[in-house]
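Structure at a glance
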Amino acid sequence: MIVILDPNITEHSEEYQQTLDYLSQLAGITPHIHKIQGTQQTLTEIYLIGDTKSLSTEDIHALPGVERVIRISEEYRILGRHRDKQRTSGFEYNGVRFSQDNLNLFAGLCAVDTPEHVEIMFKALHEHGQTCARMGAYKPRTNPYSFQGHGQSCLPYVFELAGKYSIKVIAMEITHEDHIIEIHECLEQTGHPTGVMVQIGTRNTQNFELLKAVGRQHEFPVLFKRGFGITLNESLNAAEYLASEGNSRVIFCLRGVKTNMGDPHRNLVDFSQVPVVKRLTRMPVCVDPSHSVGSREHSPDGILDLMHATAQGIIAGANMVLVDFHPEPAKALVDGPQAMLMSELDWFLQDVTLAWDCYQKRHALAEKHWAR
Ligand code: PEP
Ligand code: MN
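Residues numbered from 1 in each chain as written. Chains lettered and ligands numbered in written order. Predicted model: local features only at pLDDT ≥ 70, side-chain atom pairs only at ≥ 80, totals over all residues. Heavy atoms only, no water.

Some words on the sheet that holds strand β4 (residues 66-70)
Taken in spatial order, the four strands line up as β2-β3-β1-β4 in an open sheet, and their pairing is antiparallel. Strands at the two margins of the open sheet, each flanked by one partner only, are β2 (29-37) and β4. For this sheet, the mean angle separating the axes of adjacent strands, direction not counted, is 20 degrees. Examined bridge by bridge, strand β1 (residues 2-5) and strand β3 (residues 42-50) share three bridges and lie antiparallel to one another. Paired with Ile2 across the bridge in β3 is Tyr47. Contacting β1, β2, β3 and β4, helix α1 (residues 14-24) crosses the sheet at an angle of about 145 degrees to β2. (Pairing = 2+ DSSP bridges. Helix = DSSP H or I, 4+ residues; strand = E, 2+ residues; numbered from the N terminus. Axes fitted to C-alpha atoms, helices over the stretch in contact; angles between N-to-C directions. Contact = heavy atoms within 4.5 Å.)

Take a look at the structure:
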């Protein structure tokens, strides 16, 4: 059960103390306090852990300072929506808003290779009014002899160039908790020219110790990829590890699942699950067409499969797109065959806008229907 306090109630108020004292003396129940930092105020949610079946929501609602009480199902305790449409979703990070109601685009290099390519990418994004990007420094590779990413050594120029072109948030995968410290230290040394959204890759979706470590830090929000060989439910439970350790600023990313049934695509595209994740949880949902589709093929209509998949995700209500671009895909050290070209950026952005407009119209149409 979750007890949501009135946002005007402070920790030092009498109402807060009275309610907490009452909840603390309930037999077999432990209250856990969870604070959600919003732009204007801090929201306090008290999670009642234990057997809450016999508790009456009406009695608890009547306690001083209580705004709402939600009875929760067991799964995804913090990130779950629990059939409550009103529960707040989303967060702001480094001036960028992430929620289930808007759309952010993260285009960029799968793996950082040269400062020149990083600069071409950021410059093009800036010229198109984009403020977010993807840049891989730590690459988990299937083959130990493949390029593993430049790691810590490329961070200074990546962050400085991001600052030069007003990029506010970079999605960057980490594969070990030490990488959080390396990113933190480099941002300090370079004077925080940009922000980082830490990415958990599909190979680490169930690396629970890594998830706990990332959950314990509050500096960086997290882009969490679904596991490519596990169920959606298992991936959502894994995401909850981050929140259970204290970090609920999590975006859930669909990136396809591994099966030959998806051939000739690299993975079977799973973007029809966008609305499912939005219904079950409060996380904004990202789609990654690059790692789902895995090629630059196009159909007779001239539209790349990558763009069709992106549009399918957005039209279903996705809130973020993570997509590989590269100035010279033939020279890319990782995933060149799936990278879009710089000459396609403008076309891609226009196509994204079309799909987003369509989603908004579809949303308005549904609201009209339900208002009848
Ligand atoms: C990536 O986004 O660079 C990546 C490796 O993705 P995934 O973990 O989904 O394979
Ligand atoms: Mn990749």
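Moving on from the coordinates now.
Some thoughts on unusual backbone geometry
In this model, Asp263 is joined to Pro264 through a cis peptide bond whose omega is 5 degrees. Looking at where Pro264 falls in the secondary structure, it is placed in the loop between β12 (250-254) and α8 (274-280). Backbone geometry places Asp335, a non-glycine residue, at a positive phi of 55 degrees. Given the relative accessible area of 19%, Asp335 is considered buried. (Buried < 20%, exposed > 50% of the residue type's maximum accessible area, 1.4 Å probe, protein only.)

Focus: the coordination of the manganese ion (ligand 2)
At the metal site, the manganese ion (ligand 2) is ligated by Cys110 (SG), His291 (NE2) and Asp335 (OD), and these contacts range over 2.0 to 2.3 Å. Cys110 sits in the buried class, given a relative accessible area of 5%. (Donors = N, O, S within 2.8 Å, 3.2 Å for Na, K, Ca; no water.)

Some remarks on the sheet that holds strand β7 (residues 104-109)
Strands sit in the order β7-β8-β9-β10-β11-β12-β13-β14 around a closed barrel of eight strands; the barrel is parallel. Going from strand to strand, the sheet's axes swing by 25 degrees on average, the running direction of each strand aside. Against the sheet, helix α4 (residues 155-164) touches β8 (132-135), β9 (169-173) and β10 (195-200), its axis set at about 155 degrees to β9.

Examining the domain arrangement of the chain
For the chain, the domain assignment lists domain 1 (2-73) and domain 2 (92-370). Here the C-alpha centre of domain 2 lies 35 Å away from the C-alpha centre of domain 1. Every contact between the two is made by four residues of domain 1 and, on the other side, four residues of domain 2. Summing the contributions of domain 1 and of domain 2, the shared interface buries around 260 Å²; its carbon and sulfur component is 44%. Summed over the shared surface of domain 1 and domain 2, the number is zero salt bridges. Where domain 1 meets domain 2, there are zero residue pairs in polar contact (both at pLDDT 80 or more). (Domains from an automatic or database assignment. Buried area = accessible area lost by both parts, 1.4 Å probe. Salt bridge = Lys/Arg side-chain N within 4 Å of Asp/Glu carboxyl O. Polar contact = N/O pair within 3.5 Å; in protein donor to acceptor, adjacent residues only side chain to side chain.)

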